[in-house]
Amino acid sequence: KGYRILRIGDFEDNPMLRSEYSVVPQQQKSFSDLFQVYAAANCAAFIGSASGAVQLASIFDRPVFLANVLPYALLRPHNWNGMAVPKILRDHRGEILTAEQIFRRGYHWLRSDDEYKNKGIFYENNLSTDITEDFVDFFNAFVLHDGECMKSLRYSDEMMRYRAVCSPDSYDFFAVSLIAS
């Protein structure tokens, strides 16, 4: 669609993670940091995980799509033009846990690998092919400003169910962005 992809963040310091998307020349650290702020402020959309870089995009009110986010208590970005896809949580039997089960059992506050392990919970990343449809909806709603798409996402059955089960002790309870599964 005519957009360029720019990778920023920790990968710059790791030659193993560089790819054809790396268009930032390796400059002095201060230039690189300033460029990352500039890129986050002026991007069409931010795609990533719940890292520090997403906060830059949020400060500048850029659309934010987050993939494979944990913990559930901090799942959704707090900007209105964002969407998050959580990691998949499975119980000790391998069954996928629903959002209702996660909040009811207090798993939304688990943060470290050990905490998940001690509760018999295993998490896995979504594959890019699993979340492509969610990204396309996000892109149409918040980058291309398709009002009908945005409305259908905000008031979808999925969002209504999630809002109904989201625990009031979760920061996510106050978020206005979208959740995808």
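Since the model is a prediction, treat every value here as computed from it, not as a measurement.

J.: Could you clarify how one ought to interpret the overall build of the chain in this entry?
T.: When its secondary structure is counted, the chain shows 7 helices and 6 strands. Classification of the 181 residues of the chain by burial places 38% in the buried group. Sequence separation of 24 or more characterises 50% of the internal contacts of the chain that already satisfy a separation of 6 or more. If you sum the accessible surface of the chain, you get close to 10,900 Å²; carbon and sulfur atoms cover 54% of it.

J.: What's the story with a nonpolar patch on the surface in this structure? I'm lost.
T.: A cluster of nonpolar side chains, namely Val37, Ile59 and Phe60, defines an oily patch on the protein surface of about 270 Å² accessible area. Tracing the sequence through the fold places Ile59 in helix H2 (residues 52–59). Residue classification places Ile59 among the exposed positions, given a relative accessible area of 64%.

J.: For this particular structure, what's the right way to read the nonpolar core?
T.: Side chains that are nonpolar tend, in soluble globular proteins, to be buried together. By size, the foremost hydrophobic cluster in this structure holds 39 residues, and its most contacted members are Phe46, Phe65, Leu66, Leu75, Met83 and Leu89. For this core, the elements supplying multiple residues, two or more each, are H2, strand S2 (64–69), strand S3 (82–86), helix H3 (99–104), helix H5 (128–143), helix H6 (147–154), helix H7 (157–165) and strand S6 (178–179). Looking at this core element by element, the count peaks at 6 residues for H5. If sequence neighbours within four positions are ignored, Phe46 has contacts with Ala53, Val54, Ala57, Pro63, Val64, Phe65 and Leu66.

J.: Sorry, what's going on with unusual backbone geometry here?
T.: When glycine is set aside, most residues are seen to have a negative phi, and most peptide bonds are trans. For the bond running from Leu70 to Pro71, omega is -5 degrees, close enough to zero to count as cis. Examined against the element boundaries, Pro71 turns out to sit in the loop between S2 and S3. Phi is positive for Asn68, close to 60 degrees, though the residue is something other than glycine. Residue position: Asn68 is located in strand S2. Taking relative accessible area as the criterion, Asn68 reaches 18% and is therefore assigned buried.

J.: Just checking my understanding: could you explain the confidence of the model for the chain for this structure?
T.: In regions of low pLDDT, the predicted coordinates are not meant to be interpreted in detail. When pLDDT is averaged along the chain, the result is 82, and 82% of the positions lie at 70 or above. By mean pLDDT, S6 is the weakest element of the chain at 70, and strand S4 (residues 88–90) is the strongest at 95.

J.: Explain the sheet that holds S3 to me, please; I cannot follow it from the model alone.
T.: In sheet architecture, strand pairing relies on hydrogen bonds along the backbone and comes in two forms, parallel and antiparallel. With respect to topology, 4 strands assemble into an open sheet ordered S1-S2-S3-S6, the strand pairing being parallel. Two strands lie at the open edges of the sheet, namely strand S1 (46–48) and S6, each paired on one side alone. Both S2 and S3 contribute to a ladder of 5 bridges, which runs parallel. Considered in S3, the bridge of Val64 is made with Gly82.

J.: Just checking my understanding: could you explain the environment of Ala99 for this structure?
T.: For Ala99, the location among the structural elements is in helix H3. For Ala99, a relative accessible area of 24% gives the class partly exposed. Spatially, the C-alpha atom of Ala99 lies 9.8 Å from that of Ser167, the residues being 68 residues apart in sequence. If we skip the residues at most four places from it in the chain, Ala99 touches Tyr162 and Val165.

J.: Can you help me understand H5 in this one?
T.: Along an α-helix, residues three or four positions apart point the same way, because every turn accommodates 3.6 residues. In this model H5 runs just 19 Å from its N-terminal to its C-terminal C-alpha over 16 residues, more than 12% under the 22 Å that 1.5 Å per residue would give. The axis of H5 is deflected most strongly, by about 30 degrees, at Asp134. Residues of H5 that are buried make contact with S2, S3, H6 and S6. Of the residues trailing H5, His145 is marked for its positive phi of about 60 degrees.

Here is what the cut-offs are and how they apply
In every chain, residue numbers begin from 1 and rise along the written sequence. Restriction of local features to residues with pLDDT of at least 70 applies here, the model being predicted, together with a cutoff of 80 or more for giving and counting side-chain atom pairs; totals for whole chains, interfaces and linings are based on all residues. Here the side-chain values reflect all heavy atoms present in the structure, with hydrogen atoms and water set aside. Working definition: helices are DSSP H or I runs of at least four residues, strands are E runs of at least two. Numbering for both runs from the N terminus. Residue exposure (1.4 Å probe, protein chains only): buried if accessible area is under 20% of the type maximum, exposed if over 50%, otherwise partly exposed. Between two residues, a contact is recorded if the distance between any of their heavy atoms is within 4.5 Å. Using a 1.4 Å probe, the Shrake-Rupley method yields the accessible areas, and only the shown protein chains count as cover for residues. Each patch groups residues whose relative accessible area exceeds 30% and which form no salt bridge, using 9 Å between like charges and 5 Å between nonpolar side chains of Val, Leu, Ile, Met, Phe, Trp and Tyr. The term salt bridge refers to a side-chain nitrogen of Lys or Arg lying within 4 Å of a carboxyl oxygen of Asp or Glu. Nonpolar cores are built from buried Ala, Val, Leu, Ile, Met, Phe, Trp, Tyr and Cys residues. Side-chain atoms within 4.5 Å join them into one set. The predictor's confidence in any single residue is recorded as pLDDT, a number from 0 to 100. When DSSP finds at least two bridges between two strands, those strands are taken to pair. Take the number of residues in a helix, subtract one, and multiply by 1.5 Å to get its expected span. One axis fitted to the seven residues ending at a residue, another fitted to the seven starting there: the angle between these axes is the bend at that residue.

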